[in-house]
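A closer look at the structure
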Amino acid sequence: MVKEVNIRAIVVQGLSVLLLCAIIELGAGFTLKEMERRFALIPGLAIMTLPLLDLRGDINGALASRLGTALHTGVIEPKLKLTAELKANLVATLILSLIASATIGGLSWLTGVVMGLTVNILRLIGVAVMAGFISGLILAGLTILVAVFAYLHGWDPDNITSPMMATIGDFLMVICIYLAVLAVG
Amino acid sequence: MPVYRVRRIVVESYPILFICALIGLFAGLTLEKSMVKIEGTLVLMMVPLLNGIGGNLGSILGARLSSALHLGIVEPRLRKERVLKVNVNASVLTSVLIFSFIAAIFFAIAYMWGAGFIGAAKHALTFIIAGMLLTPVIIASTVASAFISFKKGLDPDNIVIPLVTSIIDVSAAIWLLIIAVDLVGL
């Protein structure tokens, strides 16, 4: 039980997840470094990237958290079947991805204008929404898979899904932003 | 009666995401303003790592504290809480180990990238100082947001992770850039 808190166990478990995550984040860092020149070409893109990365982790972290609770309480069964409860979670996640990404695009545009940059609102919102929706779609599916898989293997989805999804989310989001930038031009 | 409703999830989540977007924008702004300064270094590559590791450290501590609060093992106060102390110590130790390890990796990457021995050492030093400055921010914001949300009757699970990761994004970007540019002289 949780009564037995010992530093060793927390550090060992934490370090294993963190090490795996750090290696994936290195990939994200490398992609971001590769994007450096694009930042100069599209003003406002550097402003937008951090909040978009953050958003990805937040939306999927929350989905992972809810799925963990739902699996523990039996509201969702550990099967890959699209029940009404699972569908509500999925649809809500996708709607949030769309409107929150668009919000970030708009806010970044506003920030850019206030800073006196020449920013193109359609480009920024286009990149934000495209990257947000595509990564949201892929990650929502992955989150469900990881949560169900973790639960079926007797692991607590709360401990596994959130950090894993936040990390994979960062990596995928950087790549999706890069692809969206290439698509929008 | 379904437990999860699309409308409710969206309505409850949007305000906190909006606040986090505003905090994240501030971090992005710092980054945009500093783009010129960090050209020709690997500092940009460090940003996702610092944010990611910081966020995970905060999330893990936050998740443990939330569970402990729900179970009644930890009371939302700072004094005479043994379990809180153990959790905080474990987080500090994990943080020191992981940031040192990644700093060593950055030394290797920067050296191979052609930064030279001193340049590589400066990259590693930058990362480790930023990580060490970030650690108290992570712990303070996690403990504070867990305790405050719990006291207000909100579920810490919904509040702590988004809020702490956003706070870390801002501080990580700022610490890293200030240090890289001014202190270490990268």
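Here's a quick rundown of the structure.

Procedures and definitions
- Residues numbered from 1 in each chain as written.
- Chains lettered and ligands numbered in written order.
- Predicted model: local features only at pLDDT ≥ 70, side-chain atom pairs only at ≥ 80, totals over all residues.
- Helix = DSSP H or I, 4+ residues; strand = E, 2+ residues; numbered from the N terminus.
- Buried ≥ 20, exposed ≤ 12 C-beta atoms within 10 Å, placed from the backbone.
- Contact = placed C-beta atoms within 7 Å.
- Nonpolar A, V, L, I, M, F, W, Y, C, P; charged D, E, K, R; others polar.
- Core = buried A, V, L, I, M, F, W, Y, C linked by C-beta atoms within 7 Å.
- Expected span 1.5 Å × (residues − 1).
- Bend = angle between axes of the 7 residues up to and from the residue.
- Axes fitted to C-alpha atoms, helices over the stretch in contact; angles between N-to-C directions.
- Left-handed = near helix turned anticlockwise from the far one by under 90°.
- Parallel < 35°, antiparallel > 145°, perpendicular 65-115°, else oblique.

1. Here's the deal with the overall build of chain A
A count of helices and strands for chain A gives 6 helices and 0 strands. Buried positions account for 52% of the 185 residues belonging to chain A. In chain A, 80% of the contacts between residues at least 6 apart in sequence involve partners at least 24 apart.

2. Section: the overall build of chain B
Secondary structure assignment for chain B yields 5 helices and 0 strands. Of the regular secondary structure in chain B, the N- to C-terminal order runs α-α-α-α-α. Within chain B, the fraction of its 186 residues that count as buried is 53%.

3. Examining the interface of chain B and chain A
Interfaces are often sized by the amount of accessible area the parts lose when they come together. Taken residue by residue, the interface counts 57 residues in chain B and 55 residues in chain A. Class assignment for the residues of the side of chain B that touches chain A results in 39 nonpolar, 14 polar and 4 charged.

4. Section: the nonpolar core
Core analysis: the biggest nonpolar cluster contains 119 residues, and M46 and L176 of chain B have the highest contact counts within it. At 15 residues, the largest contribution of residues to this core is made by helix α3 (residues 45–73) of chain A. L176 of chain B has contacts with V43, M46, V47, L50 and A130 of chain B, leaving out every residue within four places of it along the chain.

5. So, helix α4 (residues 116–151) of chain B
All names here are of chain B. Its 36 residues give α4 an end-to-end C-alpha distance of 52 Å, which sits within 8% of 52 Å, the value for a rise of 1.5 Å per residue. In α4, a bend of some 25° at L134 exceeds every other bend along the element, and P136, a proline, comes one to four places later. Positioned one or two residues after α4, G153 has a phi angle of 80°, which is positive.

6. What to know about the packing of α3 of chain A against helix α1 (residues 6–34) of chain B
Packing of α3 of chain A against α1 of chain B leaves a shortest axis separation of 7 Å and a crossing angle of 150°. Relative to α1 of chain B, the crossing made by α3 of chain A is right-handed. Residues A46, I47, M48, T49, L50, P51, D54, L55, D58 and A62 of chain A of α3 of chain A touch α1 of chain B, and the partners they reach there are S13, L17, C20, A21, G24, L25, A27, G28, L29, L31 and E32 of chain B.

7. Quick word on helix α4 (residues 84–115) of chain A
Between its terminal C-alpha atoms α4 of chain A stretches 46 Å, which fits the 46 Å expected from 32 residues at 1.5 Å a residue. At the C-terminal side of α4 of chain A, G116 of chain A shows a positive phi close to 85°.

8. Details of the packing of α4 of chain A against α1 of chain B
Viewed as axis vectors pointing N to C, α4 of chain A and α1 of chain B meet at an angle of 30°, and their least axial separation amounts to 9 Å. It follows from the interaxial angle that α4 of chain A and α1 of chain B lie roughly parallel. When the axes of α4 of chain A and α1 of chain B are compared, the crossing they make is right-handed. Where α4 of chain A approaches α1 of chain B, its residues A88, V91, A92, I95, L96, A100, T103, I104, L107, S108 and T111 of chain A are matched on the opposing element by V6, I9, V10, S13, Y14, L17, F18, A21, L25 and L29 of chain B. Split by residue class, the contact of α4 of chain A with α1 of chain B holds 17 nonpolar, 4 polar and no charged.

9. A few points about the environment of A147 of chain A
All names here are of chain A. Tracing the sequence through the fold places A147 in helix α5 (residues 121–152). Owing to 28 C-beta atoms within 10 Å, A147 belongs among the buried residues under this scheme. With 82 residues separating them along the chain, A147 and S65 place their C-alpha atoms 9.3 Å apart. Setting aside residues up to four positions removed in sequence, A147 forms contacts with A64, L67, G68, L71, P157 and T161.

10. A look at the environment of M130 of chain A
Residue and element names in this part refer to chain A. Position of M130 among the secondary structure elements: in helix α5. For the pair M130 and A102, spaced 28 residues apart in sequence, the C-alpha to C-alpha distance is 9.3 Å. Sequence-distant contacts of M130, defined by excluding residues within four places in its chain, comprise A180 and A183.

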